[in-house]
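Working through the structure, step by step
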Number of protein chains: 2
Amino acid sequence: MALVVQKYGGTSVGTVDRIRNVARRVAKTFDEGNEVVVIVSAMAGETNRLVALADEISETPSEREYDVLVSTGEQVTIALLSMCLQSMGYKAKSYLGYQIPMLTDNVHAKARIKSIGDEKIRADLKEGTIIVVAGFQGTDDVGDITTLGRGGSDTSAVAVAAGLKADVCEIYTDVDGVYTTDPRIVPEATKMEKISYDEMLEMASLGSKILQIRSVEFAKKYGVVVHVRSSFNDNPGTLVMKEDNDMETVLVSGIAYNKDEAKISLLRVPDQPGIASQLFKPLSDANITVDMIIQNVSHDGHTDMTFTVPKADFKKAIEIVQGLSGNIGASGVKGNENISKVSIIGVGMRSHSGVASKMFDALSAEGINIEMISTSEIKVSCVIDSKYTELAVRVLHEAFGLDKKAQEETTI
Amino acid sequence: MALVVQKYGGTSVGTVDRIRNVARRVAKTFDEGNEVVVIVSAMAGETNRLVALADEISETPSEREYDVLVSTGEQVTIALLSMCLQSMGYKAKSYLGYQIPMLTDNVHAKARIKSIGDEKIRADLKEGTIIVVAGFQGTDDVGDITTLGRGGSDTSAVAVAAGLKADVCEIYTDVDGVYTTDPRIVPEATKMEKISYDEMLEMASLGSKILQIRSVEFAKKYGVVVHVRSSFNDNPGTLVMKEDNDMETVLVSGIAYNKDEAKISLLRVPDQPGIASQLFKPLSDANITVDMIIQNVSHDGHTDMTFTVPKADFKKAIEIVQGLSGNIGASGVKGNENISKVSIIGVGMRSHSGVASKMFDALSAEGINIEMISTSEIKVSCVIDSKYTELAVRVLHEAFGLDKKAQEETTI
């Protein structure tokens, strides 16, 4: 008998009929002899409806009250799913954040989980009850409702799985699992059987939007095995788990891309201490997240400084930088929104040299110019002209032997 | 400085604009130097929407989960009203049942209040915060959400007022106050300045639907002064309060009527012990509430037995009684749906004789036949043919000097 945590997102519980489908899947898992804890999101559209009400009332609603408001979405779903399981003859019981309790800090609208109570849930599980938990919400230490930020239900699920030491945390979504790259660009992309936490973190933050990043960090910290799979079929999905020996034999596990960034360059900046801080402090004060930063070797005591920001913040960022440019002593500012970032990711590259140069070769063979490079232990990212994005992804996918055909050949 | 509890129903908070109106009224009360605690219902229509979802899932939804579901309605309103007050520059804070805590028994969907915590609310009030409380909901002693039954927000308000020893509990509704009778039938009906708890209980249970009965019982038990008034104007309404000397000088305070009952008679029942129990046990088992019961003197060891039931249960009741009739030894069963009950109510009649006979006289002067009579210390009810209802109400209203004109004359 295993303890299985399952999480279903807003689309999977978007209508009463879909809630019935979820109930059937939950019941099946229970009938197979497992203890089951289900985490659910608000019905699709519900959170937006609530946020719209708040917006109508106030431009800057109190975050405490915002959490009281939006947390009702998940509360509705847990009641309906529990009723549905009961009507099918199962024992089921809903849990709100404060009832678990899922204790968080008091940073409303983006709270961080501090601890998970397991006593009450364990007692109910022992009596053969299916537990239905409201995702996205917790409670702070004075009993106020907190929420974990959009997509927080993934994090709730992983946290509950960690708290209960569950055997697996299944995240049901509308895709079959994690693919070696976006199948819409590369039809030969294959579903990975497993992927390490670190690789998943890079995949997620680089533009694959399957799991909330924080849930992966949480899973890594507590060693929770996450099974990403489809709520529309019974196919096994992808296990997100601790690195194992198999994983290291693969140089590159996946190719990610991100078209949502823009590039800003400050030209001929005096190469002296304090410049970076003068530049990036005002950006961070304006809540602009800077991703890649490149500063090249200095010529005549001057250097060019280039960095990327989210495309949505590009205008605001370029205004700030233009305002600073004179004070910093730069000769000018250049911006470019037509860029994208392609990345190769794999824990295997840690112990192998030559992976980066193979990437550069593959891109240059197609005449794709590399504008920026950034590397970490398990990934290499290149900024290129955005019009080459799809081509670059296809080329890299093939170059690192990730195409379905190539893999089959390897197997033979 | 007074401590004022205000309650606004679903219609008063039915849209964002109406919530803004409520916020302005609350703010005004606060600006006048009062401490303010507001109790609100779900936005009009919301509870029905949630109940419909539950109905779609299951014919017999679990009451625990039903409470989890429907209590979200009030949760949405408290968040929105708090946000609205904050956007107007006031300190405001929402409270859910478990946060107060409003402790109830664990009879879901119709829980009874056991105690009200006042510590947290008092501390917030002291800091100049307006408190916004979710009506209708409480928590049981294991931390599960309970609800008080439809209309329970009135009871929440009175209970909070009792717990905080508030100076007044204002119940805002769509009428100006409590009238001597239904103004749609008698245009001369006048708004009462005050009414005793017992009179209000008789008025409410006899068909005037202004306050939930349980809230009046609660107010009586804890001596809470309830001010029923309109949310559409600033007119003073009606105070529901402890009996005082003024009230006793009035023989009859109001005339109530009820068209929702039907009459069933069992003819020539053997007059022996155990018959009543044989008759009424099966009705109560079928959840049918019997109101008036009349059993007359016995002739030849037989008696007629007549009682009233809600019109909605008439068919079911008559089937049950017909099934029993043979066993009991009755000679037949008669039913009549075309009846209504008119009542005169007043604490003054306790110390005055002749009130009942004045009622019978007034009815008989119009040729209205009385089919059943039932009396209590402060009311006399007569069952009559329903076609005479309006006439009877008008006649009684005039006979006991309640008409506007009559009152003015008395004053002169």
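Just so it is clear, the model here is predicted, and its values are computed rather than measured.

Some words on the overall build of chain A
For chain A, the helix and strand inventory stands at 14 helices and 20 strands. Computed over the C-alpha atoms, the radius of gyration of chain A is 24 Å, within 12% of the 22 Å expected from 2.2 N^0.38 for a compact globule of 412 residues. Seen through its C-alpha atoms, chain A measures out along the principal axes to roughly 75 × 60 × 30 Å. Within the span of chain A, comprising 412 residues, buried residues form 47% of the whole.

Remarks on the relation of the copies chain B and chain A
It takes a turn of 179° to lay chain B on chain A, together with a shift of 0.1 Å along the axis; the resulting RMSD is 0.2 Å. Classification of the inter-copy transformation places it as that of a two-fold axis. Closest to the rotation axis within chain B is the C-alpha of Thr-72 of chain B, separated from it by 2.7 Å. When you check the interface residues of chain B against chain A, 96% turn up at the interface there too, and the contact is symmetric in its surfaces.

Quick word on the sheet that holds strand S12 (residues 238-241) of chain A
Residues and elements named next belong to chain A. Across the sheet, which stays open at both edges, the eight strands sit in the order S3-S6-S2-S1-S9-S11-S12-S10 with mixed pairing between neighbours. Every other strand in the sheet has two partners, leaving strand S3 (92-95) and strand S10 (194-196) as the edge strands with one partner each. The average angle at which neighbouring strand axes cross in this sheet is 20°, direction not considered. By the bridge criterion, five bridges tie strand S1 (residues 3-8) to strand S9 (residues 168-173) in an arrangement that is parallel. Each residue of the ladder has a partner; that of Tyr-8, found in S9, is Tyr-172. Across the sheet, helix H4 (residues 72-87) is in contact with strand S2 (35-40), S3 and strand S6 (130-134); its angle to S6 comes to roughly 165°.

Some words on the domain arrangement of chain A
One can read the domain layout of chain A as domain 1 (3-173) and domain 2 (244-412). Each of domain 1 of chain A and domain 2 of chain A has a C-alpha centre, and the two are 37 Å apart.

Description of the packing of helix H2 (residues 46-57) of chain B against helix H3 (residues 63-70) of chain B
All names here are of chain B. Between H2 and H3, whose axes approach to 9 Å, the crossing angle comes to 145°. Along this stretch, H2 crosses H3, giving a crossing that reads as right-handed. On H3, the residues touching Thr-47, Leu-50, Val-51 and Ala-54 of H2 are Tyr-66, Leu-69 and Val-70.

With respect to the packing of helix H2 (residues 46-57) of chain A against H4 of chain A
Residue and element names in this part refer to chain A. The contact between H2 and H4 brings their axes to 9 Å, and the two run at 145°. When the axes of H2 and H4 are compared, the crossing they make is right-handed. Of H4, the residues touching H2 (which contributes Glu-46, Thr-47 and Leu-50) are Thr-72, Gly-73 and Val-76. The residue inventory of the contact of H2 with H4, partitioned by class, reads two nonpolar, three polar and one charged.

Quick notes on helix H8 (residues 213-222) of chain B
Residues and elements named next belong to chain B. For H8, the complete set of buried residues consists of Arg-214, Ser-215, Val-216, Phe-218, Ala-219 and Lys-220. Looking at the buried positions of H8, the neighbouring elements they touch are helix H6 (152-163), helix H7 (197-205), strand S11 (226-230) and strand S12 (238-241). Remark: Gly-223 follows H8 within two positions and exhibits a positive phi of approximately 65°.

Comments concerning unusual backbone geometry
Excluding glycine, most residues fall at negative phi; most peptide bonds, likewise, are trans. Cis peptide bonds are those with omega within 30 degrees of zero, and the linkage from Ile-100 of chain A to Pro-101 of chain A qualifies with -15°. Even without glycine at this site, Phe-136 of chain B takes up a positive phi of about 80°. Topologically, Phe-136 of chain B is positioned in the loop between strand S6 (130-134) and strand S7 (137-139). Even without glycine at this site, Arg-268 of chain B takes up a positive phi of about 45°.

Looking at the sheet that holds strand S13 (residues 254-258) of chain A
The strands that make up a sheet are held in pairs by hydrogen bonds between backbone atoms, and each pair lies either parallel or antiparallel. All names here are of chain A. The sheet built from four strands is open, its strands ordered S13-S18-S20-S19 with antiparallel pairing. Single-partner strands in this sheet number two, and they are S13 and strand S19 (370-376). For this sheet the average axis-to-axis angle between neighbouring strands, irrespective of direction, equals 20°. As defined by bridge partners, S19 adjoins strand S20 (residues 379-385) across six bridges and the pair is classed as antiparallel. Note that in S20 the partner of Met-372 across the bridge is Val-383. In the packing of helix H13 (residues 389-399) onto the sheet, the strands contacted are S13, strand S18 (339-345) and S20, and the crossing angle to S18 comes to about 10°.

Brief notes about the pairing of strand S13 (residues 254-258) of chain B
Residue and element names in this part refer to chain B. Within S13, five of the five residues are buried, leaving the element largely enclosed by the surrounding structure. Taking every second residue as pointing to the same face, both faces of S13 are buried, with Gly-254, Ala-256 and Asn-258 on one and Ile-255 and Tyr-257 on the other. Pairing geometry for S13 and strand S18 (residues 339-345), over five bridges, is antiparallel. Of the residues in S18, the one forming a bridge with Ala-256 is Ser-343.

Re the interface of chain B and chain A
Residue-level contacts link 27 residues of chain B with 26 residues of chain A. If you list the elements that add at least two residues to the side of chain B that touches chain A, you get H2, H3 and helix H4 (72-87) of chain B. In terms of residue count, the dominant contributor to the side of chain B that touches chain A is H4 of chain B (eleven residues).

As for helix H11 (residues 314-328) of chain A
Taking 1.5 Å per residue as the helical rise, H11 of chain A with its 15 residues ought to reach 21 Å, and the 20 Å between its terminal C-alpha atoms agrees with that figure. Trailing H11 of chain A by a residue or two, Gly-329 of chain A shows a phi angle of about 90°, which is positive.

A closer look at the nonpolar core
In terms of nonpolar packing, the biggest core is built from 234 residues, with Val-38, Leu-81 and Val-133 of chain A together with Val-38, Leu-81 and Val-133 of chain B touching the most fellow members. Once you skip the residues sitting within four places of it in the chain, Leu-81 of chain B turns out to touch Val-13, Ile-19, Val-22, Ala-23, Val-38, Val-40 and Val-132 of chain B.

A closer look at the confidence of the model for chain A
Averaged over every residue, the pLDDT of chain A is 92; residues scoring 70 or more account for 98%. Reported for the predicted complex are a pTM of 0.84 and an ipTM of 0.83.

Thoughts on the environment of Leu-50 of chain A
Residues and elements named next belong to chain A. By the secondary structure assignment, Leu-50 is in helix H2. C-alpha of Leu-50 to C-alpha of Gly-73: the two residues are 23 residues apart in sequence and 8.1 Å apart in space. In this view, Leu-50 contacts Leu-69, Val-70, Thr-72 and Gly-73; residues no more than four positions away in its chain are not counted.

Some points on the environment of Thr-389 of chain B
Residue and element names in this part refer to chain B. Relative to the helices and strands, Thr-389 resides in helix H13 (residues 389-399). Overall, Thr-389 belongs to the partly exposed group, with 19 C-beta atoms counted inside 10 Å. As a C-alpha pair, Thr-389 and Gly-301 span 88 residues in sequence and 35 Å in three-dimensional space. Those residues in contact with Thr-389, other than ones at most four positions away along the chain, are Tyr-257, Lys-259, Ser-340 and Val-342.

Procedures and definitions
Residues numbered from 1 in each chain as written. Chains lettered and ligands numbered in written order. Predicted model: local features only at pLDDT ≥ 70, side-chain atom pairs only at ≥ 80, totals over all residues. Helix = DSSP H or I, 4+ residues; strand = E, 2+ residues; numbered from the N terminus. Rg over C-alpha atoms; globule rule 2.2 N^0.38 Å. Buried ≥ 20, exposed ≤ 12 C-beta atoms within 10 Å, placed from the backbone. Least-squares fit on C-alpha atoms with pLDDT ≥ 70 in both. Contact = placed C-beta atoms within 7 Å. Pairing = 2+ DSSP bridges. Axes fitted to C-alpha atoms, helices over the stretch in contact; angles between N-to-C directions. Domains from an automatic or database assignment. Left-handed = near helix turned anticlockwise from the far one by under 90°. Nonpolar A, V, L, I, M, F, W, Y, C, P; charged D, E, K, R; others polar. Expected span 1.5 Å × (residues − 1). Core = buried A, V, L, I, M, F, W, Y, C linked by C-beta atoms within 7 Å. pLDDT = per-residue confidence, 0-100.

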